[in-house]
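Close look at the chain arrangement
Spelled out, the chains give:
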Amino acid sequence: MAERTTVRPKKIRRLQIGVNVLVQIGLVLFLAAMINYLGFQHYRRWDLSRDKKYALSDKTKRFLGTIKNKMRVTVFFAPNNPIGGDVQNLLTEYQYAAKGKIDVENIDPERNLSRAKEIFDKYKVVSDESLLILDYQGRNKTVKASEMAEVDQGNAMFGEQPKIAAFKGEQAITSAMIDLVEGKKNTLGYVLGHKEPPIAENGPVSVLKTFVENENIKFQELNLFEVPAVPGEIKTIFIDGPQYDFSDREMKLLRDFWTKQGRILLLLDPAAKTPKLIAFLNELGVKVNDDRLMAMVRTGIEEVALLQDVQARFLPESPITKRLADARAIFPGGTSSITLQSDRVRTANIKLQPLLQAEKGYWAEADYRSADQTKFQADAAKNPDALHTIAVSIEQGGSGDERVQVNSSRMVVISNALFIQDVALRQGQQALDFISGSVNWLMNREQLIGIAPKVPKTLTFSLDESAFRNVRWLILVLMPLVPAIIGFAVWWQRRA
């Protein structure tokens, strides 16, 4: 008989298995920690909401990139404030865009009384309204909840509750930050004495005045009749639709200001006679033509109407308008065409750049006082594809490279003065953004543009009779039919 051999079972190496398990657990924990660290330090945020309520504008992002020191934001919002959540979400976007340069502290004034009193005493706050306190290098500024939203009170007689008509949080917060970081306000001299619109609180340009002042710019009335020269603190002047021409003395002050690297924003009313101003522009290669831009619009099968309000698009080549590229705006009243004579002034180191162009279909009518509709139709058909410039920037002594800033004289000329008045501005935001871009370019603040308020949009569906018929069939037939088919299939399978 063969001798039986016994096979001994292999010895379980418990220590080796234990070490392997520990190493695996350690690797898993290490990978989890690294993933969390990388996700915390290097991440991206996307606003996928339909109306981009919390998405910051390019202006705010570029401005936050210029902040060199820490900014502290203290939030005093009552829990029942209707915009409290919006403000919190918006401040989170500010913190992300500022890359650690903004600290936010939230204080409930109803629960943390001691901390609230400490902060109120420190910053001398006397308001009981929900607000933010911004602190930067010892300077501070408050932003109230009422400044961050437009509230529609509704009709109480019909039981309507107040609702947020427009959220202006970014506009108010960025404006306050600019005030703190820049410190001293920039001064914009508003020329008076030629029947220009007043800049009073409820004047015809009050919306524009408020909008521009929110960018740390102060309006200062300037009457060239009463001063020996433009005051030194005024680096930019605003001439808004003068109805009378400038005197010889005023023109001398204006030319002296221009030659000393002055900055001018000039809006012309085509109906006003200002030959000396027009001659000054002609010296710089800008010819403002004595015409009106018009278009023929078909209103019926055989009916046409004469349109004198100009729809124009912003051109992308200039730093003033490149962020408004291909957007449209309406210029009401009357608008003249502008001819740029760049070759004639190139030797004087003057650069001309078109900013706005009327849409196709407009023609420049020299005989604009005529009432002959047949003549207008004939003139419209002569050159239907012509493009006409209505705004131009002028720079003398500047650099050809946008990244290089040198002392230069700058001017923006627009052949329409009505588009900035309150009645026109309520039709769209583009005109405000254009003036904001112009003023900031004149002041060497190309990184700043205007911020539009975020208007809540209600999602609505419009169904015609055909759509209603389809919905009816969907509800009454298709929806009951699907479970019926599934039930029949299950019954047939079981029966089989």
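Okay, so let's go over this structure. Model, not experiment: these values are computed from the prediction.

Concerning the overall build of the protein chain
If you tally the helices and strands in the protein chain, you get 13 helices and 20 strands. Of all 496 residues assigned to the protein chain, the portion counted as buried reaches 41%. Taking the intrachain contacts of the protein chain between residues at least 6 apart in sequence as the baseline, contacts between residues at least 24 apart amount to 72%. In the form shown here, the protein chain has an accessible surface area of approximately 29,100 Å², with 55% of it arising from carbon and sulfur atoms.

Looking at the pattern of salt bridges
According to the stated counting rule, one finds 16 salt bridges in the structure shown. Taking the shortest distance from any N to any O, the salt bridge between Arg115 and Glu105 comes out at 2.9 Å. Placement of Arg115 in helix α4 (residues 113–123) and of Glu105 in strand β2 (residues 102–107) is noted, with a sequence separation of ten residues between them. Taking the relative accessible area as the measure of exposure, Glu105 reaches 18% and is therefore buried. Between Lys375 and Asp379 there is a salt bridge whose closest N-O contact spans 2.7 Å. You can see Lys375 and its partner Asp379 sitting in helix α10 (residues 373–382), four residues apart, about one turn around the helix. Given the relative accessible area of 28%, Lys375 is considered partly exposed. Each member of the salt-bridge network shares a partner with another, and the members are Arg72, Glu105, Arg115 and Glu118.

Topic: the packing of helix α3 (residues 84–98) against helix α5 (residues 169–182)
Two packed helices can be described by the angle between their axes and the distance between those axes. Where α3 meets α5, the axes come as close as 11 Å, and the angle between the chain directions of the two elements is 45°. Relative to α5, α3 is oriented oblique. The element α3 and its partner α5 pack so that their crossing is right-handed. Across from Leu90, Leu91 and Tyr94 in α3, the residues of α5 making contact are Gly169, Glu170, Ile173, Thr174 and Met177. Residues that form the contact of α3 with α5 fall into these classes: five nonpolar, two polar and one charged.

Structural notes on the environment of Glu196
Relative to the elements of secondary structure, Glu196 occurs in the loop between β7 (186–192) and α6 (206–213). The spacing of Glu196 and Gly241 is 45 residues in sequence and 5.9 Å in space, taken between C-alpha atoms. With near-sequence residues (within four places) excluded, Glu196 lies in contact with Tyr190, Val191, Asp240, Gly241 and Pro242. Among the polar contacts made by the side chain of Glu196, one reaches the main-chain amide nitrogen of Gly193 at a distance of 3.2 Å. Looking at Glu196, its side chain comes within polar contact range of the main-chain nitrogen of His194, at 2.8 Å.

Looking at the nonpolar core
One finds Phe238, Leu265, Phe331, Ile414, Phe419, Phe434 and Ile435 to be the most contacted residues of the largest nonpolar core, which totals 42 residues. Per element, the largest residue contribution to this core is seven residues, and it comes from helix α12 (residues 430–442). Every residue in contact with Phe238, bar those within four places of it in the chain, is listed here: Leu188, Gly189, Tyr190, Val191, Leu208, Phe219, Leu265, Leu267 and Ile420. Among the nonpolar cores identified, the runner-up in size contains 31 residues, and Trp258, Leu277, Phe280 and Ile350 belong to it.

Considering α5
With 14 residues, α5 extends 20 Å from end C-alpha to end C-alpha; this agrees with the ideal 20 Å at 1.5 Å per step. Of all the 14 residues making up α5, twelve are buried; the element is thus mostly covered by neighbouring parts of the structure. When we look at burial in α5, the residues that qualify are Gly169, Glu170, Gln171, Ala172, Ile173, Thr174, Ser175, Ala176, Met177, Ile178, Asp179 and Leu180. Within two residues after α5, Gly183 carries a phi angle of roughly 75°, on the positive side.

Quick look at the sheet that holds β2
Ordered by their spatial adjacency, four strands build an open sheet running β2-β1-β3-β4, and the pairing between neighbours is mixed. At either end of the open sheet lies a strand with only one pairing partner, and these are β2 and β4 (139–144). Across the sheet, the axes of successive neighbouring strands diverge by a mean angle of 20°, strand direction being ignored. Strands in contact with α4 are β1 (71–76), β2, β3 (131–136) and β4; relative to β1, the strand with the most contacts, it is inclined by about 125°.

Observations regarding the packing of aromatic side chains
Applying the stated criterion across every chain yields a total of ten aromatic pairs. Relative to Phe434, the ring of Phe314 lies with its centre 5.3 Å away and its plane at 55°, an arrangement referred to as tilted. Taken as a pair, Phe314 in strand β14 (residues 310–314) and Phe434 in helix α12 lie far apart in primary sequence, 120 residues in all. For Phe434, a relative accessible area of 0% translates into the label buried. Where Phe331 meets Phe419, the ring centres are 4.7 Å apart and the plane angle is 45°; that geometry is what we call tilted. With a gap of 88 residues between them, Phe331 in strand β15 (residues 328–331) and Phe419 in the loop between β20 (409–414) and α11 (422–425) connect regions that are remote in the sequence.

Reading the values: the criteria
Residues numbered from 1 in each chain as written. Predicted model: local features only at pLDDT ≥ 70, side-chain atom pairs only at ≥ 80, totals over all residues. Heavy atoms only, no water. Helix = DSSP H or I, 4+ residues; strand = E, 2+ residues; numbered from the N terminus. Buried < 20%, exposed > 50% of the residue type's maximum accessible area, 1.4 Å probe, protein only. Contact = heavy atoms within 4.5 Å. Areas by Shrake-Rupley, 256 points an atom, 1.4 Å probe, with all protein chains shown as cover. Salt bridge = Lys/Arg side-chain N within 4 Å of Asp/Glu carboxyl O. Axes fitted to C-alpha atoms, helices over the stretch in contact; angles between N-to-C directions. Parallel < 35°, antiparallel > 145°, perpendicular 65-115°, else oblique. Left-handed = near helix turned anticlockwise from the far one by under 90°. Nonpolar A, V, L, I, M, F, W, Y, C, P; charged D, E, K, R; others polar. Polar contact = N/O pair within 3.5 Å; in protein donor to acceptor, adjacent residues only side chain to side chain. Core = buried A, V, L, I, M, F, W, Y, C linked by side-chain atoms within 4.5 Å. Expected span 1.5 Å × (residues − 1). Pairing = 2+ DSSP bridges. Phe/Tyr/Trp six-rings, centres within 6.5 Å; stacked < 30°, edge-to-face > 60°.

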